[in-house]
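# Structural overview
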Amino acid sequence: MHYVSTRATSASAARNPQLFSDILLGGLAPDGGLYLPTEYPQVTGAELDAWRKLSYAELAYEILRKFATDIPDAALKALTARTYTPEVYRNARAGESAAEITPLRVLEEGERGTLVLQALSNGPTLAFKDMAMQLLGNLFEYALAKNNDELNIFGATSGDTGSAAEYAMRGKRGVRVFMLSPHKKMSAFQTAQMFSLQDPNIFNIAVEGVFDDCQDLVKAVSNDLSFKARHKIGTVNSINWARVVAQVVYYFRGYLAATTTNSQKVSFTVPSGNFGNICAGHIARMMGLPIDKLVAATNENDVLDEFFRTGVYRVRKSSETFHTSSPSMDISKASNFERFVYELVGRDADRTHDLFRKVETHGGFDLSGAPGSDGDEYQHVGKFGFQSGRSTHADRLATIRDVAAKYGIVIDTHTADGVKVAREHMQPGVPMIVLETALAAKFNETIVEALGKDADRPAGFENIEALPQRFVVMPPDVDRMKAYISEHTGL
Ligand SMILES: *Cc1c(COP(=O)(O)O)cnc(C)c1O
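A brief look at the structure comes next. Everything quoted here is computed from the prediction, not taken from an experiment. Counting restarts for each chain: residues are numbered from 1 in the order of the written sequence. A pLDDT threshold of at least 70 governs which residues receive local features in this predicted model, and a stricter bar of 80 or more applies before side-chain atom pairs are shown or counted, although totals over entire chains, interfaces and linings include all residues. No hydrogens and no water enter the side-chain calculation; it runs on all heavy atoms of the structure.

## Let's talk about the overall build of the chain
- Secondary structure elements follow DSSP: runs of H or I no shorter than four residues count as helices, runs of E no shorter than two count as strands, and numbering proceeds from the N terminus. Broken down by element type, the chain carries 19 helices and 15 strands.
- What the globule rule says is 2.2 Å times the number of residues to the power 0.38, and the radius of gyration is computed from C-alpha atoms. For the chain, whose C-alpha radius of gyration is 21 Å, the value lies close to the compact-globule estimate of 23 Å for 491 residues.
- C-alpha extents for the chain along the principal axes are approximately 65 × 60 × 50 Å.
- For the chain, buried positions account for 58% of its 491 residues. Accessibility here uses a 1.4 Å probe with only protein chains present; expressed as a share of the type maximum, an area under 20% marks a residue as buried, one over 50% as exposed, and anything in between as partly exposed.

## Observations regarding the site of the ligand
- Being near a molecule or strand, for a residue, comes down to having at least one heavy atom within 4 Å of it. Around the ligand, the surrounding shell holds 15 residues, and the nearest of these are Lys129, Asp160, Gly273, Asn274 and Asn277.
- What qualifies as a polar contact is a pair of N or O atoms within 3.5 Å, subject to a donor-acceptor requirement within protein and to the restriction that residues adjacent in sequence count only when both atoms come from side chains. Between Asp160 and the ligand, the recorded distance is 2.5 Å, taken from a side-chain N or O atom to an oxygen atom.
- Its free accessible area being 390 Å², the ligand has 97% of it covered by the protein chains.
- Along the lines of polarity and charge, the residues of the shell around the ligand split into five nonpolar, eight polar and two charged. Note that accessible areas follow from Shrake-Rupley with a 1.4 Å probe, and for residues the cover is restricted to the protein chains shown. Gly is put with the polar residues, along with every residue not named as nonpolar or charged; the nonpolar set is Ala, Val, Leu, Ile, Met, Phe, Trp, Tyr, Cys and Pro, and the charged set is Asp, Glu, Lys and Arg.

## Section: helix 7 (residues 160-169)
- A large share of helix 7 lies buried, amounting to nine of its ten residues.
- Restricting attention to buried positions, one finds in helix 7 the residues Asp160, Gly162, Ser163, Ala164, Ala165, Glu166, Tyr167, Ala168 and Met169.
- Contacts from the buried residues of helix 7 go to helix 6 (129-146), strand 5 (151-156), strand 6 (175-182), helix 8 (188-195) and strand 7 (202-207).
- Taken from the residues just after helix 7, Gly171 is the one with a positive phi, measuring 75 degrees. Note on contacts: a residue pair qualifies if any of its non-hydrogen atoms lie within 4.5 Å across the two residues.

## So, the nonpolar core
- Among buried residues, the Ala, Val, Leu, Ile, Met, Phe, Trp, Tyr and Cys ones that are joined through side-chain atoms within 4.5 Å form a nonpolar core. In this structure, Tyr251, Phe252 and Phe337 are the most contacted members of the largest nonpolar core, which totals 111 residues.
- With twelve residues, helix 11 (residues 241-258) is the single largest residue contributor to this core.
- Not counting the four nearest positions on each side in its chain, Phe252 is found in contact with Val43, Leu48, Trp51, Leu59, Ile63, Ala284, Met287 and Leu289.
- Leu115, Leu397, Ile409 and Val421 belong to the second largest nonpolar core, which has 22 residues in total.

## Here we look at the pattern of salt bridges
- Any Lys or Arg side-chain nitrogen found within 4 Å of a carboxyl oxygen on Asp or Glu counts as a salt bridge. Tallying each qualifying case throughout the model produces 30 salt bridges.
- Note that Asp305 and Arg309 form a salt bridge whose closest N and O atoms lie 3.1 Å from each other. Remark: Arg309 and Asp305 occur in helix 13 (residues 303-310); sequence separation between them is four residues, near one turn of the helix.
- A salt bridge links Arg351 to Glu377, with the nearest nitrogen and oxygen atoms 2.9 Å apart. With a gap of 26 residues between them, Arg351 in helix 15 (residues 349-362) and Glu377 in the loop between strand 12 (364-366) and strand 13 (386-390) connect regions that are remote in the sequence. No difference in accessibility class separates Arg351 from Glu377, as the two residues are buried.

## A word on the packing of aromatic side chains
- Aromatic pairs are defined between Phe, Tyr and Trp rings, using the six-membered ring for Trp, whenever the two ring centres lie within 6.5 Å; interplanar angles under 30 degrees are classed as stacked, those over 60 as edge-to-face, and all others as tilted. Taken as a whole, this structure holds 30 aromatic pairs when the rule is applied.
- When the ring of Phe178 is compared with that of Tyr484, the centres are 6.2 Å apart and the planes differ by 90 degrees; the resulting orientation is edge-to-face. Note that Phe178 is positioned in strand 6 and Tyr484 in helix 19 (residues 478-489), a separation of 306 residues in sequence.
- Residue Tyr484 is classed as buried on the basis of its relative accessible area, which comes to 13%.
- Relative to Phe365, the ring of Tyr313 has its centre 5.4 Å away and its plane inclined at 40 degrees; by these criteria the two rings are tilted. Highlighted residues: Tyr313 in strand 11 (residues 312-314) and Phe365 in strand 12, separated in sequence by 52 residues.
- Given a relative accessible area of 2%, Tyr313 falls into the buried group.
- Feature note: the residues Phe275, Phe307, Phe308, Tyr313, Phe337, Phe340, Phe356, Phe365, Tyr378, Phe384 and Phe386 constitute an aromatic cluster, connected by ring pairs.

## Description of the packing of helix 4 (residues 56-67) against helix 5 (residues 73-83)
- It is at 9 Å that the axes of helix 4 and helix 5 come closest, and there the two elements cross at 140 degrees. With respect to helix 5, the axis of helix 4 lies oblique. Helix-helix and strand crossings are classified by hand; for helix 4 and helix 5 the assignment is right-handed. Here Ala57, Ala60, Tyr61, Leu64 and Arg65 of helix 4 come into contact with helix 5, specifically with Asp73, Leu76, Lys77, Thr80 and Ala81.
- Class assignment of the residues belonging to the contact of helix 4 with helix 5 gives a composition of six nonpolar, one polar and three charged. Axis definition: a line fitted to C-alpha atoms, over the contacting stretch in the case of helices. Angles run 0 to 180 degrees between N-to-C directions. By definition in this entry, angles of less than 35 degrees are roughly parallel, angles greater than 145 are roughly antiparallel, angles of 65 to 115 are roughly perpendicular, and the rest are oblique. Definitions for this section: a left-handed crossing has its near helix turned counterclockwise from the far helix by less than a right angle. A right-handed crossing has that turn clockwise.

In structure tokens, the structure reads:
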């Protein structure tokens, strides 16, 4: 299995075919594109039948070995077994089985169709990012040990990504994490989750500024290529290919758990921001998983909904980006979207390059086919099963209330966006699976607003805000940041 950049010319792609391990520790391809396999491995009906009986870890192994062909089977089997265990995904709701890893819960079965929730947020940080990040932690440790190397992960977070990365990398040999967050801007719960980690390889840096200041610092340090190389700096953002592949597994799992034969289809609704999660669903569908529709649900930051309704992709300025009550979907552009556009334009890397160059120079592109547009490929979107919808703060509150009243469970704000949009796309005979991307306890402020009471906290999180915190406060100063990294890496 080889990988190429979405912006590779045919000559450069032929010259530099990459293996899974080659792209594991990196982010963007050197040409600025994103990596994709040269072709998608196909799954047969016989394989799907056999996979119905597997545990989550065994299923993850079967799917990953199709992509990570350069990692020995025995090593991959051990890595997936260690990653997907009930001890790691122990925050399942009462009545849901932790051993299932991503248990399904039927919310509604009626004339309009079946509405199902797939819980992806039972891991250590109570959000779906654990599903991929936990695997990444084990893959990194394996790859670094093999090459006797080390890696310093440097990133910025406004919440979910940073904590998922820290809980995945804590205590891992060869890895340190330097995570920037805006000082006093995260929720008390999210702050406590990250800052209460006492592991010596985790460095929490609270930047006196906003999230954009944190991101600017990461960019400034990463643009210093010699500093970056000398200090072995890497990232774990959502464009990382291994993260995307790890997410493919739960689409298979959801399908297999919701059906009894391969002649059945299901649809998924995915609360979306950077298009990483739903991109994994697209890949599962391209591998032959019988997915009918993939519905992208956005909040008020509706870049993706706009594209799927009109064919126009228009990124927002930071001044146009709303701070919403589903904050992990507050994006101005969708960093994984290029992976889908590449497919939509027939895997034409030159054209993908031109379109995303235009994103930089003109803030977007138009594939609607209208006079003066950049192309008419929007007409092919339906072939890939994509649909979309949008949700607002008022919708979120109403949905949280409605789900609590009708089904007796409390869902988080991002999942509420998903349920709101899923209900607009249900069809009799095709179960609609909504991916639950976080647990309500993480976004308690809005739960209190909707229900007038606190969300339940899973065991072990009761007093998290009272734990001792370990972090440093720093001004947004690139040189001081570099000095801090040098001092703590010893490089
Ligand atoms: C990151 C995140 C999302 C968005 O996922 P993408 O892969 O960026 O589309 C949705 N919900 C929650 C809770 C998240 O943490």
